[in-house]
Amino acid sequence: MKNFTTKAELQQYLAQLKAKGAIIGFVPTMGALHQGHLSLITKAQQQCDVVVCSIFVNPTQFTDPRDLEIYPRPLQDDIKKLELVNCDILFNPGVDEVYAGNEQWHLDIGELEGLLEGKFRPGHYQGVTQVVYKLFNIVKPDVAFFGQKDYQQFMVISRMIKLLNMSVKLVMCPIERESDGLAMSSRNIHLTPDDRQHALILSQTLNDVKRNFDSHKIDKLKQEAVSKINNVPEVELAYFEIVDGDTLLPANEHTKNSVALVAATVGKTRLIDNVII
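Each value, and the rule that gives it
Residues numbered from 1 in each chain as written. Predicted model: local features only at pLDDT ≥ 70, side-chain atom pairs only at ≥ 80, totals over all residues. Heavy atoms only, no water. Helix = DSSP H or I, 4+ residues; strand = E, 2+ residues; numbered from the N terminus. Expected span 1.5 Å × (residues − 1). Buried < 20%, exposed > 50% of the residue type's maximum accessible area, 1.4 Å probe, protein only. Arc of directions from axis to C-beta. Contact = heavy atoms within 4.5 Å. Phe/Tyr/Trp six-rings, centres within 6.5 Å; stacked < 30°, edge-to-face > 60°. Axes fitted to C-alpha atoms, helices over the stretch in contact; angles between N-to-C directions. Parallel < 35°, antiparallel > 145°, perpendicular 65-115°, else oblique. Left-handed = near helix turned anticlockwise from the far one by under 90°. Nonpolar A, V, L, I, M, F, W, Y, C, P; charged D, E, K, R; others polar.

Student: Break down helix α10 (residues 218–230) for me, citing the residues and quoting the values.
Tutor: Relative to the 18 Å expected for 13 residues at 1.5 Å per residue, α10 spans 18 Å between its end C-alpha atoms, a close match to the ideal helical length. Within the sequence span of α10, burial applies to Ile218, Leu221, Ala225 and Ile229. Buried residues along α10 cover an arc of 65° about the axis, so they all sit on one side. For α10, the exposed residues set more than 90 degrees away from the buried face come down to Asp219 and Gln223. The elements touched by buried residues of α10 are α9 (193–211), β7 (235–244) and β8 (258–266).

Spelled out as structure tokens, the structure:
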């Protein structure tokens, strides 16, 4: 695996590969890699000639400075994991390589910005679009791979690509789960053993909703889900919503593509999860 820390060297190397007709796949991450990330690499390898993974903990998408401070950064472990799955290229830039001084950025992504995660983390998706736009311009991938766990993020990036007329194709990859159903997340390392057990209510409730789904009783399903989660100790629910998967607005009996999404703080760790119904 080749490891680049500067834009110039990465772009020079990629230009040689593209000149030979290579299709470039890209998996942007913030590190602390787990099987969910590695599954994106594997998916990219199936569809592309060369796979680039970036590791960059992006400061502009953290609304809580403490969250940025404690975000895990096990770089050497991450490198070993990428090598084990035969990733071709790692791009691991410093903040100064990505951002030049006090840059201003605002992209009008419409009501997507204020729904669900956007409501609880104002400014978060501006930071996401800012860094993904930069990374896309550096790597210039043909295809980029993102996980379903950040469903809203995928929609935001799709909107950005349309608004800015970018030529990258996006692929959403399924959520990877632990054997007990917990969605894999870099934040899971912060869960105590008790938290870990309490957190299972999130995936269990999502699965219950999917199993019992009837578009005529969405409100009842949502009420029951909220009640189940609120009954578990040390779990503070931010939201549980059943929405139209194309707009993130509340689903109704006419919705063709419904998604249930949940966010909660378990102990001191904020987790998100979803299921496509």
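Student: Talk me through helix α4 (residues 75–84); I want residue IDs and the actual numbers.
Tutor: An α-helical turn contains 3.6 residues, so a residue and the one three or four places further along point in the same direction. Looking at α4, one finds that the buried residues are Asp78, Ile79 and Leu82. The buried residues of α4 occupy one face: seen down the axis, they fall within an arc of 100°. Opposite the buried face of α4, by more than 90 degrees, sit the exposed residues Gln76, Lys80 and Leu84. As for α4, its buried residues are in contact with β1 (2–4), α2 (35–47), β3 (50–55) and β4 (89–91).

Student: Describe the packing of aromatic side chains, with residues and values.
Tutor: If you walk through the whole model with that rule in mind, you get seven aromatic pairs. Seen from their ring centres, Trp105 and Tyr133 are 5.2 Å apart, and the 35° between their planes marks the pair as tilted. On the criterion of sequence distance, the pair formed by Trp105 in the loop between α5 (95–98) and α6 (117–120) and Tyr133 in helix α7 (residues 124–139) is long-range, its members being 28 residues apart. Accessibility expressed as a relative area gives 28% for Tyr133, which makes it partly exposed.

Student: Describe the packing of α9 against α10, with residues and values.
Tutor: At a closest axis distance of 10 Å, the pairing of α9 and α10 adopts a crossing angle of 160°. By the angle class used here, α9 and α10 are roughly antiparallel. Regarding α9 and α10, the two cross each other, and that crossing is right-handed. Mapping the contact onto sequence places Ile201, Leu202, Thr205, Asp208 and Val209 in α9 and Leu221, Ala225, Lys228 and Ile229 in α10. Looking at the contact of α9 with α10 residue by residue, the classes come out as six nonpolar, one polar and two charged.

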